[in-house]
Amino acid sequence: MTASVQRDAPAPGLRSGGPQPTTRTTRKRDEDAGPDVGEGTDEWNQSKTLIKPPDQLELTETELKEEFTRILTANNPHAPQNIVRFSFKEGTYKPISFVDQLAVHFSLVGNMIPKDSDEGRRQNYKAEMASGSQEVVEVQPSEAEGGEGGEGGEGGEGGEGGEGGEGGEGEAKEAESQGEVLGHEEMAEAEVEEVITPKKPKERKLTNQFNFSERASQTFNNPLRDRDCQMEPPPRATFSATANQWEIYDAYMDELEKQEKSKEMEKAKGPVAKKVGKMMMRKKTSLESQSDDITKVTQAAKIVERMVNQNTYDDIAQDFKYYEDAADEYRDQEGTLLPLWKFQYDKAKRLAVTALCWNPKYKDLFAVGHGSYDFMKQNRGMLLLYTLKNPSFPEYIFSSECGIMCLDMHVEHPYLVAVGYYDGNVAIYNLKKPHSQPSYKSSAKLGKHSEPVWQVRWQKDDMDNNLNFFSVSSDGRIVSWTLVKNELMHTDIIKLNVEGTTTEGPEELNVYTIGCGTSFDFHKQIDYLFLVGTEEGKIYKCSKTYSSQFLDTFEAHNMAVDAVIWNPYHSKVFMSCSSDWTVKIWDHTIKKPMFVYDLNSAVGDIAWAPYSSTVFAAVTTDGKAHVFDLVINKYEAICNQPVVAKKKNKITHVRFNAIHPIIIVGDDRGQVTCLKLSPNLRKMPKEKKGQEVKRGPAVEIAKLDKLLNLVREVKS
Amino acid sequence: MAEVEETLKRIQNHKGVIGTMVVNAEGIPIRTTLDNSTTVQYAGLLHQLTMKAKSTVRDIDPQNDLTFLRIRSKKHEVMVAPDTLLGLGLDYGWICAGATCPELCSTLNM
């Protein structure tokens, strides 16, 4: 290669064109900002005038026109031309004739290995091993064609190994394989290779790090589905309770009741009984369901009423309980009666109090019978029961068409009240039952009295355990009534014949005048003994067993005997009162009275005090109450007090309370007044120092005895 | 049934009684003579107090039972009587009456 460079003539022109290029260059610089195209054109324009670099060698023209020839040779221009080597043989430096002209411009160490080399084959073998099995199957049928067998699992290798060879190799190997038929697996493989090779290039995958493919397989993921079922939640209820002492107790009591009931059911095994029981149960339940809520508070209503009354009558209640008249200390031997409550009922206003009785069991409950003593004005009657706890309204109200004249409460069955009417009937009221009609009533057929019944008195149960009571009436009969199988049966005990008044009637019949009994009383200890007071003023001592004769007769009063009472302690003493203004105390063995008191007015009623054998009270029609204590004063009352407000008001009855120091007084205006006995009226014998205080019936009896003895001595 | 009504009437007409109220076992007023708000207030408060008092009494002695409850204050007195079926321990309601008690106040001051 030769190349020659000619210097152009314009070289000298360059000098002349010196200032111009500079201007052009300056122009160029000025036109830096202009488009490249513009510059380029300038350059082409400029090619006419040469640019001379400032450090160019300045040469003459001739020198410029000289031609220099350059020749391209294959010699390395950098190779040294005279390399000398020291020759030890000659001992001198000798020039080397041949200098290596090789110039290495670029060298790169590569990592390619020729396939035929050992290393190449080794690598091919390894590669074929890796991708062997897949091609085995394919290999086998072709093998079968080829007629070679026993390739086994190594078919792949040979196949791989043979791949690179392709054309020429295949032939060589085929020859080899045909030579060594069996035993050499590799040979077999080689033949197989030949057959397979056309396929392989397509299928083979390079397992190198740059072309890594992961092989994974995934089974079908079954789609997940949530399946749940929900049942109805069990019914829940919040339960809370407290376990108190009383809840435990109640539970035990309930259990006990149930047990007892079951025992009772077992006992009463008769079907009738059971039916009755069931009926009762049904009735009870039906009643409960029908009744309004408000009936369930009856008890509470009662209590509240009592509470309210307690508030209203608080001072009276306090007096009743605690007040003791201090003035009694100064009042020598005299006492007072402090008025407490007044009991009245609207509908009983016009009716007189005809009977009073304290309940034997409930000491604050008393019964009041209303009727009329007036023969002309006979109205209806009422039976009221009051309690001290509720002064404003009676607890029980019973009304009857006929006036009630007397009443008595049974000792053992305090809910049974025996009542005698003005028309001669008797009846029994049961307080437990709500209706206002008597439970049992006598009638004309059953032997009622023909006159008003003045007194009734319960007796002990007879031998058949039937309830019975006695009644006395103006028709002269004393009748015993027995409650037999829900019926009142009567038995005449005695007829009061007035002795000495037999008149001879026609046909020599002795007609007796019948006395009218007005009161009676039974002896406390001697059961059969009783006293009867009559309208004529006589008192008969009778016995239940003797029906025709009296045991004794007392000429007691001039007028009708209003009341006759045995002394609660002394078995011999009794007292009687009459409208002839007198109160008389008797010893039943002696015909004449022990003590006689004149009270200036018809005495309505008398009563012995339950706490002392010598104290008694009497009430008169002038509205006064008299209290006597024979120990203190034998001749006069120690208390003499008007009790009722209006003067025309007659007091009809008086009763002591069994435990409280009060008396109730009934008047003929239908009002019952309760009075408290002052301490002087309740005097107990003074305790002597050092001696035990004797209380009790014996003492009382002794006390009275002493008195009586005095009197008897005087008389006798 | 009429008896209870009469009793309630009598209580209401008694001197010094301001109002009465009947409450059932759940504390709901059945009958009242007071205005609604007062009734509701009293019923709620007194019910709890009565229950507590009853529980106290019975806790001390299970055979005992509350008879009534009096609350005396400067201005009034409230009386509550619970009604129980004895033996079953079931509460059937109660009655309350309010009364002015100036005289009682004076006694309380002593």
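I will try to describe carefully the structure that is included in this document.

Each value, and the rule that gives it
- Residues numbered from 1 in each chain as written.
- Chains lettered and ligands numbered in written order.
- Predicted model: local features only at pLDDT ≥ 70, side-chain atom pairs only at ≥ 80, totals over all residues.
- Heavy atoms only, no water.
- Helix = DSSP H or I, 4+ residues; strand = E, 2+ residues; numbered from the N terminus.
- Expected span 1.5 Å × (residues − 1).
- Buried < 20%, exposed > 50% of the residue type's maximum accessible area, 1.4 Å probe, protein only.
- Arc of directions from axis to C-beta.
- Pairing = 2+ DSSP bridges.
- Phe/Tyr/Trp six-rings, centres within 6.5 Å; stacked < 30°, edge-to-face > 60°.
- Lys NZ or Arg CZ within 6 Å of the ring centre and 35° of its normal.
- Axes fitted to C-alpha atoms, helices over the stretch in contact; angles between N-to-C directions.
- Parallel < 35°, antiparallel > 145°, perpendicular 65-115°, else oblique.
- Contact = heavy atoms within 4.5 Å.
- Nonpolar A, V, L, I, M, F, W, Y, C, P; charged D, E, K, R; others polar.
- Salt bridge = Lys/Arg side-chain N within 4 Å of Asp/Glu carboxyl O.

1. Notes on helix 1 (residues 2-13) of chain B
All names here are of chain B.
Here's step 1: If you check helix 1, its first and last C-alpha atoms are 16 Å apart, about what twelve residues at 1.5 Å a residue would give, namely 16 Å.
Here's step 2: Looking only at helix 1, the buried set comprises Val-4, Thr-7, Leu-8 and Ile-11. Down the axis of helix 1, the buried set is contained in an arc of 100°. They therefore lie on one face. Opposite the buried face of helix 1, by more than 90 degrees, sit the exposed residues Ala-2, Lys-9 and Asn-13.

2. Some words on the pairing of strand 15 (residues 468-473) of chain A
Residues and elements named next belong to chain A.
Here's step 1: In terms of burial, strand 15 is a largely internal element, six of the six residues being buried.
Here's step 2: The side-chain alternation of strand 15 yields two buried faces, one formed by Asn-468, Phe-470 and Val-472 and the other by Phe-469, Ser-471 and Ser-473.
Here's step 3: As paired strands, strand 14 (residues 453-458) and strand 15 are joined by five bridges and run antiparallel to one another. In the sheet register, Gln-455 faces strand 15, and the bridge partner there is Val-472.
Here's step 4: As defined by bridge partners, strand 15 adjoins strand 16 (residues 477-484) across five bridges and the pair is classed as antiparallel.

3. A few points about the packing of aromatic side chains
Here's step 1: As enumerated under the stated definition, the model contains 27 aromatic pairs over all chains in all.
Here's step 2: Ring geometry for A:Phe86 against A:Phe88: centres 4.9 Å apart, planes inclined by 85°, an arrangement best described as edge-to-face.
Here's step 3: Overall, A:Phe86 belongs to the partly exposed group, its relative accessible area being 37%.
Here's step 4: An aromatic cluster of at least three residues, connected via ring pairs, comprises A:Phe320, A:Trp341, A:Phe343, A:Trp358, A:Phe366 and A:Tyr386.
Here's step 5: Here the basic side chain of A:Lys302 rests over the ring of A:Tyr396, its NZ or CZ set 5.9 Å away from the ring centre.
Here's step 6: Its end group placed over the ring of A:Phe393, B:Arg10 keeps NZ or CZ at 3.2 Å from the ring centre.

4. Quick look at the packing of helix 11 (residues 245-267) of chain A against helix 2 (residues 36-60) of chain B
Here's step 1: Two elements in contact, helix 11 of chain A and helix 2 of chain B, have axes whose closest approach is 7 Å; the angle formed by their N-to-C orientations is 70°. In terms of orientation, helix 11 of chain A lies roughly perpendicular with respect to helix 2 of chain B. Along its contact with helix 11 of chain A, which presents A:Gln245, A:Trp246, A:Tyr249 and A:Asp250, the element helix 2 of chain B presents B:Ser55, B:Arg58 and B:Asp59.
Here's step 2: In the contact of helix 11 of chain A with helix 2 of chain B, the residues fall into two nonpolar, two polar and three charged.

5. Quick notes on the pairing of strand 20 (residues 517-522) of chain A
Residue and element names in this part refer to chain A.
Here's step 1: Counting buried positions along strand 20 yields six of six residues, so the element is predominantly enclosed.
Here's step 2: Pairing between strand 20 and strand 21 (residues 529-534): five bridges, direction antiparallel. Among the inter-strand pairings, Phe-520 is bridged to a residue of strand 21, identified as Val-532.
Here's step 3: Connecting the antiparallel pair strand 20 and strand 21 is a turn made up of six residues.

6. Notes on unusual backbone geometry
Here's step 1: One non-glycine residue, A:Trp581, adopts positive backbone phi at about 75°.
Here's step 2: Structurally, A:Trp581 can be placed in the loop between strand 25 (573-578) and strand 26 (582-587).

7. Notes on the environment of A:Asp346
Residue and element names in this part refer to chain A.
Here's step 1: Note on placement: Asp-346 falls in the loop between strand 5 (337-343) and strand 6 (352-358).
Here's step 2: Owing to a relative accessible area of 63%, Asp-346 belongs among the exposed residues under this scheme.
Here's step 3: As a C-alpha pair, Asp-346 and Gln-671 span 325 residues in sequence and 9.9 Å in three-dimensional space.

8. A short note on the side chain of B:Thr7
Here's step 1: Considering the arrangement of structural elements, one finds B:Thr7 in helix 1.
Here's step 2: Once residues within four sequence positions are removed from consideration, B:Thr7 is found in contact with A:Ala301, A:Lys302 and A:Glu305.

9. Digging into helix 14 (residues 314-322) of chain A
Here's step 1: For helix 14 of chain A, the set of buried residues is A:Asp314, A:Ile316 and A:Phe320. The buried residues of helix 14 of chain A all sit within an arc of 160° when viewed along its axis, so they share a single face.

10. What about the pattern of salt bridges?
Here's step 1: Across all of its chains, the model carries 16 salt bridges over all chains by this definition.
Here's step 2: Between A:Lys94 and A:Glu90 there is a salt bridge, with its nearest N and O atoms 2.1 Å apart.
Here's step 3: The exposure class assigned to A:Glu90 is partly exposed, which follows from its relative accessible area of 44%.
Here's step 4: Among the ionic pairs, B:Lys54 bridges to B:Asp65, the shortest N-O distance being 3.6 Å. With B:Lys54 in helix 2 and B:Asp65 in the loop between helix 2 and strand 3 (69-72), the pair connects residues that are eleven residues apart, well separated along the chain.

11. Points about the sheet that holds strand 32 (residues 651-656) of chain A
All names here are of chain A.
Here's step 1: Read from one edge of the open sheet, four strands run 5-34-33-32, paired in antiparallel fashion. Each of the sheet's edge strands pairs with one partner strand only, and the pair in question is strand 5 and strand 32. Ignoring which end each strand starts from, the neighbouring axes of this sheet average 25° apart.
Here's step 2: By the bridge criterion, five bridges tie strand 33 (residues 662-667) to strand 34 (residues 672-677) in an arrangement that is antiparallel. Note that in strand 34 the partner of Gly-666 across the bridge is Val-672.
Here's step 3: In this fold helix 14 packs onto strand 5, strand 33 and strand 34, with an angle of close to 135° to the strand it touches most, strand 5.

Purely spatial values, then, with no claim about function.
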